[in-house]
Amino acid sequence: MPALDPSAAASGALQPDLQAVFWDMDGTLVDTEPYWIAAESELVASFGGVWSDELGLKLVGNALETSAAVLQRAGVDLSIRDIIDRLIDAVTERVRQSIPWRPGARELLAELREAGIPTVLVTMSETKLATEVVRALPEGSFHYLVTGDMVSHGKPHPEPYQRAFDWLSERLPGADKRCVVALEDSVPGVASAETAGLVTVAIPHVVPVPPSPGRPQWDSLAGKGVSDMERLLVPASQEAGV
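Treat the numbers as computed from the prediction; the structure is a model and nothing was measured.

**Here we look at the pairing of strand S2 (residues 119-122)**
In step 1: Of the two faces of S2, the one carrying Thr-119 and Leu-121 and the one carrying Val-120 and Val-122 are both buried.
In step 2: As paired elements, strand S1 (residues 20-23) and S2 share 3 bridges and run parallel to each other. Looking at the pairing, Phe-22 lines up with Val-120 of S2.
In step 3: Judged from the 3 bridges that link them, S2 and strand S3 (residues 144-146) form a sheet pairing that is parallel. Residue pairing in the sheet places Val-122 in a bridge with Val-146 of S3.
In step 4: Once the chain exits S2 it traverses helix H7 (residues 127-135) before rejoining the sheet at S3, and the crossover so formed is right-handed.

Set out below in structure tokens:
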């Protein structure tokens with residue numbers, strides 16, 4: 001991962017206020033949810049069970065341990081760890097063949113990289129799959145990864161996003177959650193980022209995210225840039241009513 005330049009994040013010419021952008025992966029950066037549902041269907045079928053897209057959609061955004069427990073109840077006679085390993089292997093193999101990028105994602109990453117804005121990938125997928133995706137991007141696209149195998153509590157718990165912010169705080173004096181934007185596509189992911197105290201943008205894709213007062217919601221990342229995220233930030237003086 002590239003080294004973080006605190007001066008670039010604090011005084012970038014394009015935007016002096018945006019300190020970092022934290023990205024979800026599945027459904028936000030890459031359109032891999034169909035890969036997950038296919039892997040779940042194949043695994044359940046191999047044990048004589050029945051799975052469906054509708055059931056798969058209910059698992060979107062959750063920690064893999066949560067999804068694995070559901071698959072056990074659907075008839076998969078394996079341990080939680082074995083189920084996760086099977087799913088990760090299946091999705092990773094599909095990603096190696098073709099990465100379905102979400103519209104506007106790579107363009108936004110390129111603009112953030114050019115502006116010197118730190119980026120962190122915060123995903124419940126494990127390191128094996130996340131690194132496969134990141135490897136396909138230009139060097140420097142992400143400064144740090146928080147993956148499902150790095151945390152004790154997955155989304156919707158705030159730990160994944162708090163861990164990303166802790167990493168940022170160690171490298172960027174004065175890091176402020178009001179100046180960090182999280183991009184998410186699912187209800188568990190949005191809950192994780194919001195509970196961690198970050199400026200959170202919902203970008204629903206395969207599952208709806210109910211609107212909430214004060215939470216930005218975008219149809220897509222296509223056409224979005226640094227200036228769009230800057231407009232989401234509330235100055236401390238305004239927040240304090242000055």
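**Let's talk about the sheet that holds S2**
In step 1: The 5 strands lie next to each other as S3-S2-S1-S4-S5, forming an open sheet whose pairing is parallel. In this open sheet, the two edge strands, each paired with only one partner strand, are S3 and strand S5 (199-202). Going from strand to strand, the sheet's axes swing by 20° on average, the running direction of each strand aside.
In step 2: In this sheet, S5 lies alongside strand S4 (residues 180-184) in parallel orientation, the contact comprising 4 bridges. Directly across from Glu-184, in S5, lies its bridge partner Ala-202.
In step 3: Running over the sheet, helix H9 (residues 187-195) touches S4 and S5 and is turned about 165° from S5.

**Here we look at the side chain of Thr-200**
In step 1: Checked against the element boundaries, Thr-200 lands in strand S5.
In step 2: Taking relative accessible area as the criterion, Thr-200 reaches 3% and is therefore assigned buried.
In step 3: A polar contact of 3.5 Å, which involves the side chain of Thr-200, links it to the backbone nitrogen of Glu-194.
In step 4: At 3.1 Å, the side chain of Thr-200 forms a polar contact with the backbone oxygen of Leu-198.
In step 5: In this structure Thr-200 touches Ala-182, Val-190, Ala-193, Glu-194, Arg-215 and Pro-216, once residues within four positions along its chain are discounted.

**Some words on the environment of Trp-51**
In step 1: By the secondary structure assignment, Trp-51 is in the loop between helix H2 (33-46) and helix H3 (53-57).
In step 2: What makes Trp-51 buried here is its relative accessible area of 12%.
In step 3: A sequence separation of 20 residues divides Trp-51 from Leu-71, and the C-alpha atoms of the two residues are 8.9 Å apart.
In step 4: Contacts of Trp-51, omitting those with residues within four sequence positions, involve Ile-37, Glu-40, Ser-41, Val-44, Gly-56, Leu-59, Val-70, Leu-71 and Ala-74.

**Considerations on the side chain of Ser-192**
In step 1: Inspection of the secondary structure puts Ser-192 in helix H9.
In step 2: Look past the residues within four positions of Ser-192 in its chain and what remains in contact with it is Lys-155, Pro-156, His-157, Pro-158, Pro-160 and Tyr-161.

**Brief notes about the packing of aromatic side chains**
In step 1: Inspection of every chain in the model, using the stated rule, returns 3 aromatic pairs.
In step 2: A centroid spacing of 6.5 Å and a plane angle of 25° characterise the contact between Phe-22 and Tyr-161, whose relative ring orientation is stacked. Placement of the pair is Phe-22 in strand S1 and Tyr-161 in helix H8 (residues 159-171), with a sequence separation of 139 residues.
In step 3: Classification of Phe-22 by relative accessible area gives buried; the value is 0%.
In step 4: Owing to a relative accessible area of 0%, Tyr-161 belongs among the buried residues under this scheme.
In step 5: Between Trp-23 and Phe-142, the ring centres sit 6.3 Å apart and the planes meet at 90°, which makes this aromatic pair edge-to-face. In this pair, Trp-23 is assigned in strand S1 and Phe-142 in the loop between H7 and S3, connecting sequence segments 119 residues apart. Here Trp-23 and Phe-142 have matching classes, each one buried.
In step 6: Looking at Lys-177, its charged tip hangs above the ring of Phe-165, at a distance of 5.3 Å from the centre.
In step 7: Here Lys-224 stacks its cationic end above the ring of Trp-218, 4.6 Å away from the centre of that ring.

Reading the values: the criteria
Residues numbered from 1 in each chain as written. Predicted model: local features only at pLDDT ≥ 70, side-chain atom pairs only at ≥ 80, totals over all residues. Heavy atoms only, no water. Buried < 20%, exposed > 50% of the residue type's maximum accessible area, 1.4 Å probe, protein only. Helix = DSSP H or I, 4+ residues; strand = E, 2+ residues; numbered from the N terminus. Pairing = 2+ DSSP bridges. Right-handed = clockwise from strand over helix to strand, strands pointing away. Axes fitted to C-alpha atoms, helices over the stretch in contact; angles between N-to-C directions. Contact = heavy atoms within 4.5 Å. Polar contact = N/O pair within 3.5 Å; in protein donor to acceptor, adjacent residues only side chain to side chain. Phe/Tyr/Trp six-rings, centres within 6.5 Å; stacked < 30°, edge-to-face > 60°. Lys NZ or Arg CZ within 6 Å of the ring centre and 35° of its normal.

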